Amino acid sequence: MIILLKNASLLYGKDLDYIGSADIIVRDGLFDSIFIGSSSDYDKSVFDSIVDCEGLLIMPSFINAHTHIADSIAKDIASEGLSFNESIHPVFGVKRQVLNNSREEHLMHFIKASALAMVKNGITTFIDFREQGLYGVRLLKASLNGISIRCIALGRVEYYNRDLSDEELREAKDVIEYADGFGLSGANEYSDNALKHLAYIAKARSKLFGLHACESQESYSYSLSKYGMSEVKRVLSIVRPDFLVHMTNATDDDLIHVKENGIGIVVCPRANASLGVGIPRVWDMLRLGCTIAIGTDNVMLNKPDMFREMEYIWKVSRALKQGVNAKDILKMATVNAAMIFKLSKLGYIDAGMRADAIIIDKYHVDIAHMHNPYVALVQRASESSIKGVMMDGNIIYGNIG
């Protein structure tokens, strides 16, 4: 299949350069050629489809870098009245009770619904931390069968606060064979040996290894009290994860250690706000040279909407007199996430990259006229601004023809 997208505006390349007019050829699921400016010098007979994209902006699709999609069955169950630990703690939080007591078909229904919601919001790839061991990962993959979305499924075994037995380590190996890596709870829930063994199991198979860190002040203080060091320093004394999620209460020293070890950070600011644990200092992470991606986190806390996540970061940073550049925020939702999770040919638009894109209606009432396209996309665009969503060269939502 060869498609010509003519006269499109474009966010181009790793730096998301704004191009006012370009012609884009999509061939067999990839961006084949990109011509800056418009040309009529084409043999039209070679194209299966030619689409006039005047008035449309083509940007890379979103990569939602952290979700817990199955807990969409429990929307807002922990939004008021419950503490951080009462809400989402992996041992005694209400979330675990809901997951373990829900029927399989109900969990699958809500996973499907949330995946479709993500597609409508321009997300073609998401990274999910999936609880419930091997069963949980299999359930996730089965739920997504037939839905055009790319899922990086990170599993775990649910044995906490002790070393793992030989049988439990065998179970972990079963999980990693089926999953794309391990996505663990906070470091405080694992012994040094458990962290060491789980990291080895993942890395020996070239799979991803990541975990939550410094999400709440309580977890940070607990680590200092029990281990005499922060969660970050303790983790890095044992293993080198590919990424850490949250870092909401991390110190500058923690951030420097993360940067020096080449570890990505995934921030989830709306979830942090919902749980009352603080605001990630994205501005300081950028100042110190960290690579940052964005996740919408628990669906029980948040709608999985990257537009709202970006807007929140932009406006909160300005309110705190720490303004973060809108283009940098867009990179967190696209380019940086692909880099952190080693997603080949994803994250930006260029020749040879996968044809994953959001097609934005520039004339939509909420964003016309775009004096600054980056700010317009970060703080004004929404699901209703989307004309279409493309994945591997196929329109999976909307209609641009």
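Residues numbered from 1 in each chain as written. Predicted model: local features only at pLDDT ≥ 70, side-chain atom pairs only at ≥ 80, totals over all residues. Heavy atoms only, no water.

Draft legend 1. Structural context of the overall build of the chain. Scanning the chain for helices and strands turns up 15 helices and 17 strands. Relative to its length of 401 residues, the chain is compact, with a C-alpha radius of gyration of 21 Å against a globular reference of 21 Å. Referenced to the eigenvectors of the C-alpha coordinate spread, the extents of the chain come out at roughly 70 × 45 × 40 Å. Looking at the chain as a whole, 58% of its 401 residues are labelled buried. Nonlocal contacts in the chain, meaning residues at least 24 apart in sequence, comprise 73% of its contacts between residues at least 6 apart. In the form shown here, the chain has an accessible surface area of approximately 15,900 Å², with 47% of it arising from carbon and sulfur atoms. (Helix = DSSP H or I, 4+ residues; strand = E, 2+ residues; numbered from the N terminus. Rg over C-alpha atoms; globule rule 2.2 N^0.38 Å. Buried < 20%, exposed > 50% of the residue type's maximum accessible area, 1.4 Å probe, protein only. Contact = heavy atoms within 4.5 Å. Areas by Shrake-Rupley, 256 points an atom, 1.4 Å probe, with all protein chains shown as cover.)

Draft legend 2. Examining the side chain of Thr296 more closely. Positionally, Thr296 belongs in the loop between β13 (292-294) and β14 (297-298). Overall, Thr296 belongs to the buried group, its relative accessible area being 0%. Side chain to side chain, Thr296 and Asn64 meet in a polar contact 2.8 Å long. Ignoring anything within four residues of it in the chain, the contact list for Thr296 reads Asn64, His66, Thr67, Arg270, Ala271, Asn302, Lys303, Pro304, Asp305, Met306 and Glu309. (Polar contact = N/O pair within 3.5 Å; in protein donor to acceptor, adjacent residues only side chain to side chain.)

Draft legend 3. Representation of the nonpolar core within the structure. Counting residues in each nonpolar core, the largest one holds 111 residues, and the members touching the most others are Leu5, Phe182 and Met247. Aside from chain neighbours lying at most four places away, what touches Phe182 is Leu154, Gly155, Arg156, Ala172, Val175, Ile176, Leu198, Ile201, Ala202, Leu208, Phe209 and Gly210. (Core = buried A, V, L, I, M, F, W, Y, C linked by side-chain atoms within 4.5 Å.)

Draft legend 4. Quick look at the packing of aromatic side chains. For the structure shown, the criterion picks out six aromatic pairs. Between Phe35 and Tyr42, the ring centres sit 6.2 Å apart and the planes meet at 65°, which makes this aromatic pair edge-to-face. Among the residues examined, Phe35 registers a relative accessible area of 37% and is labelled partly exposed. Residues Tyr160 and Tyr190 carry aromatic rings whose centres are separated by 5.6 Å and whose planes lie at 65° to one another, so their mutual orientation is edge-to-face. Within this pair, whereas Tyr160 is found in the loop between β8 (150-155) and α5 (166-178), its partner Tyr190 is found in the loop between β9 (181-184) and α6 (192-203), the two being separated by 30 residues in sequence. As far as the burial class goes, Tyr160 and Tyr190 line up, both buried. Of the aromatic side chains, those joined through ring pairs into one cluster are Phe35, Tyr42 and Phe47. The ring of Tyr178 carries Arg138 above its face, with NZ or CZ at 5.2 Å from the centroid. A cation over a ring is seen here: Arg234 above Tyr227, with NZ or CZ 3.8 Å from the ring centre. (Phe/Tyr/Trp six-rings, centres within 6.5 Å; stacked < 30°, edge-to-face > 60°. Lys NZ or Arg CZ within 6 Å of the ring centre and 35° of its normal.)

Draft legend 5. Expanded view of the packing of helix α4 (residues 133-143) against α5. Running from amino to carboxyl end, α4 crosses α5 at an angle of 15°, the nearest separation of the two axes being 8 Å. In this view, α4 runs roughly parallel relative to α5, as classed from their interaxial angle. The two elements α4 and α5 meet at a crossing, and its hand is left-handed. Between α4 and α5, the contacting residues are Gly133, Leu134, Val137, Arg138 and Lys141 on the first element and Asp174, Val175 and Tyr178 on the second. In the contact of α4 with α5, the residues fall into four nonpolar, one polar and three charged. (Axes fitted to C-alpha atoms, helices over the stretch in contact; angles between N-to-C directions. Parallel < 35°, antiparallel > 145°, perpendicular 65-115°, else oblique. Left-handed = near helix turned anticlockwise from the far one by under 90°. Nonpolar A, V, L, I, M, F, W, Y, C, P; charged D, E, K, R; others polar.)

Draft legend 6. Up close: the state of the cysteines. As enumerated under the stated definition, the model contains zero disulfides in all. Counting only cysteine sulfurs, Cys214 is the nearest neighbor of Cys290, a cysteine outside any disulfide, at a range of 12 Å. Judged by its relative accessible area of 7%, Cys290 falls in the buried class. (Disulfide = S-S within 2.5 Å.)

Draft legend 7. Representation of helix α3 (residues 104-120) in the model. Helix length check: α3, at 17 residues, gives a terminal C-alpha distance of 25 Å against a target of 24 Å (1.5 Å per residue), a fit within 8%. All buried positions along α3 are accounted for by Leu107, Met108, Ile111, Ser114, Ala115, Met118 and Val119. Taken down its axis, α3 places every buried residue within 145° of arc, on the same side. Taken together, the buried residues of α3 touch β6 (62-68), α2 (94-101), β7 (123-129), α4, β16 (386-391) and β17 (394-398). Of the residues trailing α3, Gly122 is marked for its positive phi of about 85°. (Expected span 1.5 Å × (residues − 1). Arc of directions from axis to C-beta.)

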